[in-house]
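# Close look at the chain arrangement
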Amino acid sequence: MIPRIYKLEDDLEQSVFLFGARQTGKSTYLKTAFPNAVYIDLLNSKQKRFFTHQPEMLYDMLQDKPANQIVIIDEIAEVPSLLNEVHRLIQEKQLRFILCGSSARKLKRKGYNTLGGRAFPCYFYPFVSAELPDLDLNKVLLYGLLPSCYLSNKPWNVLSSYIDVYIKEEIKEEALVRNLDNFQRFLDVAAIGDAEIVNYANIASDCGVTAKTVKEYYNILEDTLLGFMVPAYTKVLKRKVVQASKFYYFDVGVYNYMMQREALAPNSSEYGHCFEHFVMQELKAYIGYTHNRKKLSYWHTYEGKEIDAVLGEAQVGIEIKSTEEIQPKHYANFKEYKEEFPNSRCIIVSRDPFTRRTGDIEIMYIFDFLQKLWKGEII
C-alpha cells in the first residue's frame, strides 16, 4: 500500500468532516491511520439498514466510550439522521468523530444537522506527487492519479467504470437534475472547456439549457467534488482583467476519459493542457492538505496576457509550460504582471530539465517544482 502524505491526526483537536471524491482512498487511509477507532461503514447494507431504522442506537453504543475516543462513520450522507446523535455524543461525551463522505450536498440540500461548527471540514484528494517517488509523468498526464486507476494494469477500464457508475449513478441517486441527457451533454462540454474561462451563456447554448441551469450544473460538480473552480485574481490597479472563473475536473485522468483521449503526444497542445491540469491539481491538493490560506487564482487581462496560477495576494505567479526548452517568449506575460505586482515571485514550471534563474524569473523543472511545493518552499 502506498502511504498517504495527509496527516489528519493534526486536525483532530475537534471532530472533522472528511470529504473527497469516491475512490480517492479515504476509507483505506482511515483504517490504516486510526486502527483503534470505532469504525462504522454505511456502505455496508446491513449497517446502513440498522442505523436508518434506529439512529438513536448510535448513542447507546458509544455513550460509555472514554472522552476523545475516535469514531469513524464512513459515508455519513447515507444516513444523515445519525448527525443528531453525533451532535449529542460530541457535546455530552466529548467523543471525536471523523465523518467521511463524497459530498456535502445531500446534507446541505435536505437541511440535516451539520453540527454547527463542531466538525471542521477537511478534504482528501487523489494521489499526489509527494506520495509517488517513481512518478511517471506521461502516465499521470494520461491516466490521472485516482489510486484505483494509477495502480491498475487496465486504467481505462477503471475510468470507464468510474464515469459510468459513479458519476451517472451519483447524479441519478441524488435526483440532482431533471434531465440526465442534458446533464450528460453538459459533462462533455465541461470537459471541452476544462482549464478555460467559463462562459455560462456559450455553454448553455451548446447544451440546450439556460445559463442558470449551467451554473447549477457546475455547482453540482463542485459539491460532489468532481471538479473545482479557480477564480480570477481581480485586485488590480492598472489593467482591466477578466473576472470569470476557470473550471477543472478534479483529476486529469477523468478529464481525458471524458474527452475520449487514449493517447497523448508530447509537445502537442493536448499534452500541454494536461500538463497544466496536473500542476493545478497538485496546487489544489497542497493548499487543501496544509489548510494554506493563500488562495489559488489566475490572472488574465483583456489584452490576453495571462498567468496560469496566482497564489495568495499575488505573492507568487506561476506560468505552466510543457515545453522542454524555455525561451524568452515563454515568460513574456510576466512583463505586464510584474508591472502590476512588482513584489511577486515569478515562476515558470516546465519540462526544461535545467532549473535556473533569469533576472527575476525562476525557471523550474517540473520535478524540482513539485519537490519544493511539498516541502513548503513555494507557498
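Scroll up to find the structure.
Since the structure is predicted, the reported quantities are computational estimates derived from the model, not experimental observations.

The next subject is the pattern of salt bridges. Applying the stated rule across the entire model yields 14 salt bridges. Where Glu306 meets Lys246, a salt bridge forms, and the shortest distance between an N and an O atom there is 2.7 Å. Taken together, the residues span a long stretch of sequence, with Glu306 in strand β9 (residues 306-311) and Lys246 in strand β7 (residues 246-249) at a distance of 60 residues. For Lys246, a relative accessible area of 3% gives the class buried. Linking Glu319 and Lys321 is a salt bridge whose minimum nitrogen-to-oxygen distance equals 3.8 Å.

Before going further, it helps to examine the packing of helix α13 (residues 269-290) against helix α15 (residues 366-374). Where α13 meets α15, the closest approach of the two axes is 11 Å, and the angle between their N-to-C directions is 10°. Taken together, the axes of α13 and α15 are roughly parallel relative to one another. Between α13 and α15, the residues in contact are Phe275, Phe278, Val279, Glu282, Leu283, Ala285, Tyr286 and Tyr289 and Ile366, Phe369, Leu370, Leu373 and Trp374, respectively. Among the residues forming the contact of α13 with α15, the class breakdown is 12 nonpolar, no polar and 1 charged.

Moving on to the pairing of strand β4 (residues 96-101). Buried residues dominate β4, accounting for 5 of its 6 residues. Relative to β4, strand β1 (residues 15-19) runs parallel, the two sharing 4 bridges. Among the inter-strand pairings, Leu18 is bridged to a residue of β4, identified as Cys100. Bridge analysis of strand β3 (residues 70-74) against β4 gives 4 bridges, and the strand direction is parallel. Across the sheet, residue Ile72 finds its bridge partner in β4, namely Ile98.

As a further point, take the nonpolar core. In terms of nonpolar packing, the biggest core is built from 121 residues, with Phe186, Ile318 and Phe369 touching the most fellow members. Take this core: its biggest share by element is 11 residues, from α13. In this view, Ile318 contacts Leu283, Ile307, Asp308, Ala309, Leu311, Phe334, Ile347, Val349, Phe369 and Ile378; residues no more than four positions away in its chain are not counted. Among the nonpolar cores identified, the runner-up in size contains 14 residues, and Trp299, Ala314, Ile326 and Cys346 belong to it.

Looking now at the side chain of Asp11. Along the polypeptide, Asp11 turns up in the segment before β1. For Asp11, which is buried and forms no salt bridge, the nearest opposite charge comes from Arg96, at a distance of 11 Å. Looking at Asp11, its side chain comes within polar contact range of the side chain of His291, at 2.9 Å. Ignoring sequence-local partners within four residues, the contact set of Asp11 consists of Tyr6, Val16, Cys122 and His291.

Moving on to the state of the cysteines. Per the stated rule, a full pass over the model turns up 0 disulfides. Cys100 carries a free sulfur, and the closest cysteine sulfur to it, the one in Cys122, is 11 Å from it. Judged by its relative accessible area of 0%, Cys100 is buried.

It is worth spelling out the sheet that holds strand β2 (residues 38-41) at this point. Spatially, the 5 strands line up as an open sheet ordered β2-β3-β4-β1-β5, and their pairing is parallel. Looking at strand neighbours, the two that pair on one side only are β2 and β5 (119-123), the edges of this open sheet. Sheet twist, expressed as the average angle between the axes of neighbouring strands with direction ignored, equals 15°.

It is worth spelling out α15 at this point. Within the span of α15, buried status applies to Ile366, Phe369, Leu370, Leu373 and Trp374. Within α15, the buried residues cover an arc of 120° as seen down the axis, which keeps them to one side. Count one or two residues on from α15 and you reach Gly376, which has phi positive near 80°.

Now for unusual backbone geometry. Leaving glycine aside, a negative phi is the common case for residues, and trans is the common case for peptide bonds. Backbone geometry places Asn68, a non-glycine residue, at a positive phi of 75°. Note on placement: Asn68 falls in the loop between α3 (57-62) and β3. For Asn68, a relative accessible area of 46% gives the class partly exposed. In the Ramachandran plot, Leu225 falls in the positive-phi region, its phi being about 65° despite a non-glycine side chain. Judged by its relative accessible area of 18%, Leu225 is buried.

Reading the values: rules and limits
- Residues numbered from 1 in each chain as written.
- Predicted model: local features only at pLDDT ≥ 70, side-chain atom pairs only at ≥ 80, totals over all residues.
- Heavy atoms only, no water.
- Salt bridge = Lys/Arg side-chain N within 4 Å of Asp/Glu carboxyl O.
- Helix = DSSP H or I, 4+ residues; strand = E, 2+ residues; numbered from the N terminus.
- Buried < 20%, exposed > 50% of the residue type's maximum accessible area, 1.4 Å probe, protein only.
- Axes fitted to C-alpha atoms, helices over the stretch in contact; angles between N-to-C directions.
- Parallel < 35°, antiparallel > 145°, perpendicular 65-115°, else oblique.
- Contact = heavy atoms within 4.5 Å.
- Nonpolar A, V, L, I, M, F, W, Y, C, P; charged D, E, K, R; others polar.
- Pairing = 2+ DSSP bridges.
- Core = buried A, V, L, I, M, F, W, Y, C linked by side-chain atoms within 4.5 Å.
- Lys, Arg positive; Asp, Glu negative; His and termini not counted.
- Polar contact = N/O pair within 3.5 Å; in protein donor to acceptor, adjacent residues only side chain to side chain.
- Disulfide = S-S within 2.5 Å.
- Arc of directions from axis to C-beta.

By themselves, these figures tell us nothing about what the structure is for.
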